[in-house]
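Here is what each chain is made of, one letter per residue.
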Amino acid sequence: MAQTEAGPLLCVVGARPNFMKMAPLLKAFRTHPELPKAVLVHTGQHYDFALNDQLFVDLELPSPDVNLEVGSGTHAAQTAEIMRRFEPVVIDRKPSCVIVVGDVNSTLACSLVAAKLQVPVAHVEAGLRSYDRSMPEEINRVLTDRISDLLYTTERNAEANLAKEGIDGHQVQFVGNLMIDSLLAALPKAVAVSDLLRREGRELGLNGSHGHAAVTLHRPSNVDDAEALSNVLTILADVADRLPVIWPVHPRTRAKIAEFGYEGRLENPRIVCLPPQGYLEMIGLMRDASVVLTDSGGIQEETTALGIPCLTMRPNTERPITVDQGTNLVVGSDRRRVLTALDETLRTGGKRGRVPEFWDGMAAQRIADHLAKWLATRTTGKPLQ
Ligand code: UD1
């Protein structure tokens with residue numbers, strides 16, 4: 001396809017964790033004097049009000065210019081449908097660059113379409129590796145990085161991961177973490193847990209802040225299998241024996257609880273199950289917690305930035321800096337191991353950490369500045385400084 005240099009930047013989002021990354025980036029793109037117009041494309045991978053619309057409001061993300069409305073499906077069906085619907089958009093808009101973030105199916109699908117049409121791809125949050133190919137996100141990360149032209153990283157060891165895969169260091173730029181740009185911008189507006197519980201009509205007898213465990217769980221490895229989910233619910237009951245639990249339940253997890261007939265196990269006055277929460281509520285839930293138990297990627301980073309102890313219920317993490325420098329402990333899903341770590345956390349106040357380099361609210365600006373120079377170089381042929 002013929003490439004016109006003044007074509008827009010096509011900025012892709014699809015699922016919840018993409019929105020926190022794209023919000024500050026789109027703002028930086030749209031206010032940068034040297035960048036072409038930024039067009040927001042939503043694949044529609046997430047479409048529920050709580051997973052989607054509410055976050056657009058909380059993050060002050062403008063409505064998408066294009067919505068592909070793909071919805072749910074198996075991995076192959078969803079990825080293929082995104083590709084099928086994104087291809088004509090790229091052909092029609094002739095972008096200077098397609099910008100994808102994170103590791104969801106939308107990230108891979110759209111980068112693949114762009115690469116085949118020979119449109120440059122910039123991948124934000126490149127180079128993270130769990131080295132666990134049973135995670136769908138790991139496949140998405142490896143493949144997206146392989147076909148991207150620009151790889152923006154959040155932590156320095158990502159570059160080493162990319163080097164091992166033969167990716168040229170010149171394509172890689174350490175810029176910091178967009179999640180933290182969003183977090184720092186939204187923190188003053190975070191909703192206090194007491195207000196959230198009142199609004200939901202729930203009562204936990206919490207006195208002020210730092211009295212609860214905040215929980216999020218949605219990884220297939222924890223929730224898709226009956227035995228694995230049963231184990232997780234047993235652990236949560238044990239956690240609730242120690243401190244109240246507040247758990248916004250992801251639709252995937254909710255569906256599995258119903259499928260396996262586990263609803264009765266949630267009838268515990270010390271476990272408050274909520275629908276998926278907005279961004280400002282989620283930040284409040286983490287900020288006011290004694291401890292967070294999660295299998296999310298982003299929450300490992302947000303708790304490190306907030307200085308709140310995090311127990312990651314996965315066998316590994318693609319975000320090792322949250323363990324090396326932050327407040328994160330990877331504890332897996334073994335009941336004894338989780339409870340030992342929890343008891344230690346409650347006894348000592350938990351692992352202390354520091355905020356990693358460039359997790360400072362300026363990542364979006366760094367990307368915008370770098371991308372502007374990179375695009376100018378492509379136009380003028382002058383080397384990048
Ligand atoms: C996706 C991402 C995951 C990310 C998570 C955050 C992939 C492979 N996974 O997982 O990396 O951490 O988003 O939420 O891209 N559903 C709804 N409403 C929606 C969307 C989904 O009810 O708006 C239900 C559907 O039953 C669907 C299931 O959730 O089948 C799973 O959705 P899907 O987008 O496939 O993956 P997530 O588990 O949300």
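Each chain has its residues counted from 1, running along the sequence as written. Selection of residues for local features in this predicted model requires a pLDDT of at least 70, selection of side-chain atom pairs for listing and counting requires 80 or more, and totals for whole chains, interfaces and linings are taken over all residues. In computing side-chain values, all of the structure's heavy atoms are included and hydrogens and water are not.

### Observations regarding the pairing of strand 8 (residues 212-216)
Thinking step 1. Only protein chains enter the calculation, and the probe is 1.4 Å; a residue is then buried if its accessible area is under 20% of its type maximum, exposed if over 50%, and partly exposed in between. Secondary structure is summarised from DSSP: a helix means a run of H or I of at least four residues, a strand means a run of E of at least two, and numbering begins at the N terminus for each. Counted residue by residue, strand 8 has five buried out of five residues, so it is predominantly covered.
Thinking step 2. Because side chains alternate across strand 8, one face comprises the buried residues His212, Ala214 and Thr216, and the other comprises Ala213 and Val215, equally buried.
Thinking step 3. When DSSP locates at least two bridges between a pair of strands, those strands are taken to pair. Sheet analysis places strand 8 next to strand 11 (residues 289-294), joined by five bridges and oriented parallel. What sits directly across from Ala214, in strand 11, is Val292.
Thinking step 4. Pairing analysis gives two bridges linking strand 8 to strand 9 (residues 245-248), with the strands arranged parallel. Counterpart to Ala214 in the pairing with strand 9 is Ile246.

### Some details on the site of the ligand
Thinking step 1. Throughout, near means a residue has at least one heavy atom within 4 Å of the molecule or strand. The immediate surroundings of the ligand are formed by 19 residues, with His46, Tyr47, Asp48, Glu137 and Arg252 found nearest.
Thinking step 2. Here a polar contact is recorded for every N or O atom pair within 3.5 Å, except that within protein the pair must consist of a potential hydrogen donor and a potential acceptor, and residues adjacent in sequence are included only if both atoms are side-chain atoms. The side chain of His46 places a nitrogen or oxygen atom 2.8 Å from an oxygen atom of the ligand.
Thinking step 3. Within the side chain of Arg252, a nitrogen or oxygen atom sits 2.8 Å from an oxygen atom of the ligand.
Thinking step 4. Here, Shrake-Rupley sampling with a 1.4 Å probe gives the accessible areas, and only protein chains in the shown set may cover a residue. Protein coverage of the free-state accessible area of the ligand, which is 740 Å², stands at 85%.
Thinking step 5. Any residue outside Ala, Val, Leu, Ile, Met, Phe, Trp, Tyr, Cys, Pro, Asp, Glu, Lys and Arg is labelled polar, Gly included; the first ten of those are nonpolar and the last four are charged. When the residues that make up the shell around the ligand are grouped by side-chain class, the tally is six nonpolar, eight polar and five charged.

### Looking at the sheet that holds strand 8
Thinking step 1. With parallel pairing, the six strands of this open sheet are ordered in space as 10-9-8-11-12-13. Bordering the open sheet on either side are strand 10 (271-274) and strand 13 (328-330), each of which pairs with just one other strand. Across the sheet, the mean angle from the axis of one strand to that of its neighbour is 20 degrees, orientation sign disregarded.
Thinking step 2. In this analysis, two residues are considered to be in contact whenever any of their non-hydrogen atoms come within 4.5 Å of each other. Convention adopted: a line fitted to C-alpha atoms gives each axis, helices being fitted over their contacting stretch, and angles between N-to-C directions are expressed from 0 to 180 degrees. Each of strand 8, strand 9, strand 10 and strand 11 is contacted by helix 10 (residues 226-242), which is oriented at about 140 degrees to strand 9, the strand it contacts most.

### Digging into the pattern of salt bridges
Thinking step 1. Whenever Lys or Arg places a side-chain nitrogen within 4 Å of a carboxyl oxygen from Asp or Glu, that contact is recorded as a salt bridge. Under the counting rule described, the total for this entry stands at 25 salt bridges.
Thinking step 2. Taking the shortest distance from any N to any O, the salt bridge between Asp103 and Arg141 comes out at 3.0 Å. In this pair, Asp103 is assigned in the loop between strand 4 (97-101) and helix 4 (105-116) and Arg141 in helix 5 (residues 136-147), connecting sequence segments 38 residues apart.
Thinking step 3. Each of Lys21, Asp103, Glu125, Glu138, Arg141, Glu301, Arg314, Glu318 and Arg319 takes part in a single network of salt bridges with overlapping partners.

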